[in-house]
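Examining the three-dimensional arrangement
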Amino acid sequence: MTVYAMANPVKHIKKPSPAKPKTGFLHKRETWISVGILWLVFITWLTIILISFLFSGGSDQSLVYGLSISELGSITGKTLNIGGSFGAWLANIIINGWFGYSFVFMLVFGWILGLRLLGVTKTSLIKHFLMDGFGLVWSSLALAFFLQPLIPNSFILPGGAHGFWLSEWLTGRIGWPGALLVILASLFIFRTFVKAST
């Protein structure tokens, strides 16, 4: 008996062509390195003026408080802030107008963002945004609640205007024991979520 073998047809599978590298100004590594360098220059300057305000704000605040940016030319050379009149004005807004000593969380995220743009670190921006964002808001409230009554005449609002008004609002609604419990409970809940995600 003669057995005829059936040859299996060879299937030619077309290999997918390699993806073409994206081109364009926004897809160039040099572009993001340049952006990262400029951003770090700004963050470095911002760090300097904020730290300087902690020492010079006592005399500078009266000069820049309530002024618009267009009115700063009238006080050029009179401020002690190392960043000049604009530096003193901006530092006063960030510290007293916004989040007080909690500005450190803004700087931390700013530095991480700059290093990420340069490719120095691969850390998650979303994770740091959430952690630094919580630290910014929570510490602003906590500093206003705990420190503001101890240094009522300081030229710096420890928690900034944000922390001050949030502390006043909570205390007015639920009293200082309730506000204290909210502050402590929110920290405990946040730490629980952080530990669960690591």
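Residues numbered from 1 in each chain as written. Predicted model: local features only at pLDDT ≥ 70, side-chain atom pairs only at ≥ 80, totals over all residues. Heavy atoms only, no water.

1. Focus on the overall build of the protein chain
Our working definition: Numbered from the N terminus, helices here are DSSP runs of H or I no shorter than four residues, and strands are runs of E no shorter than two. When checking whether two residues touch, look at their non-hydrogen atoms; a contact exists if any pair is within 4.5 Å.
Looking only at helices and strands, the protein chain features 5 helices and 0 strands. Starting at the N terminus and ending at the C terminus, the protein chain contains elements arranged as α-α-α-α-α. Once local pairs closer than 6 in sequence are excluded, the contacts in the protein chain between residues at least 24 apart make up 66%.

2. Overview of the packing of helix 2 (residues 84–99) against helix 5 (residues 160–197)
Worth spelling out the cut-off: A fitted line through C-alpha atoms represents every axis, and for helices the fit uses only the stretch in contact; the resulting angles, taken between N-to-C directions, go from 0 to 180 degrees. If an angle is under 35 degrees, it is roughly parallel; if it is over 145, roughly antiparallel; if it lies from 65 to 115, roughly perpendicular; otherwise it is oblique. Each residue gets one label: Ala, Val, Leu, Ile, Met, Phe, Trp, Tyr, Cys and Pro are nonpolar, Asp, Glu, Lys and Arg are charged, and the others, such as Gly, are polar.
With their axes 2 Å apart at the nearest point, helix 2 and helix 5 run at an angle of 10° to one another. Compared by their axis directions, helix 2 and helix 5 come out roughly parallel. From helix 2, I95, N96, G97, W98 and F99 reach across to helix 5, where they touch G160, A161, H162 and G163. Residues that form the contact of helix 2 with helix 5 fall into these classes: 4 nonpolar, 5 polar and no charged.

3. Regarding a nonpolar patch on the surface
Basically, it comes down to this: Distance thresholds for patches are 9 Å for like charges and 5 Å for nonpolar side chains (Val, Leu, Ile, Met, Phe, Trp, Tyr), applied to residues having over 30% relative accessible area and no salt bridge. Computed with the Shrake-Rupley method and a 1.4 Å probe, the accessible areas treat only the protein chains shown as cover for residues. Salt bridge, as used here: a side-chain nitrogen of Lys or Arg that lies within 4 Å of a carboxyl oxygen of Asp or Glu. Buried, partly exposed and exposed residues are distinguished by accessible area as a fraction of the type maximum, computed with a 1.4 Å probe on protein chains only: under 20%, between the cut-offs, and over 50%, respectively.
Together, F146, L147, L150 and I151 line one region of the surface with nonpolar side chains, adding up to about 350 Å² of accessible area. Within the secondary structure, F146 sits in helix 4 (residues 125–146). Note on F146: relative accessible area 40%, which makes it partly exposed.

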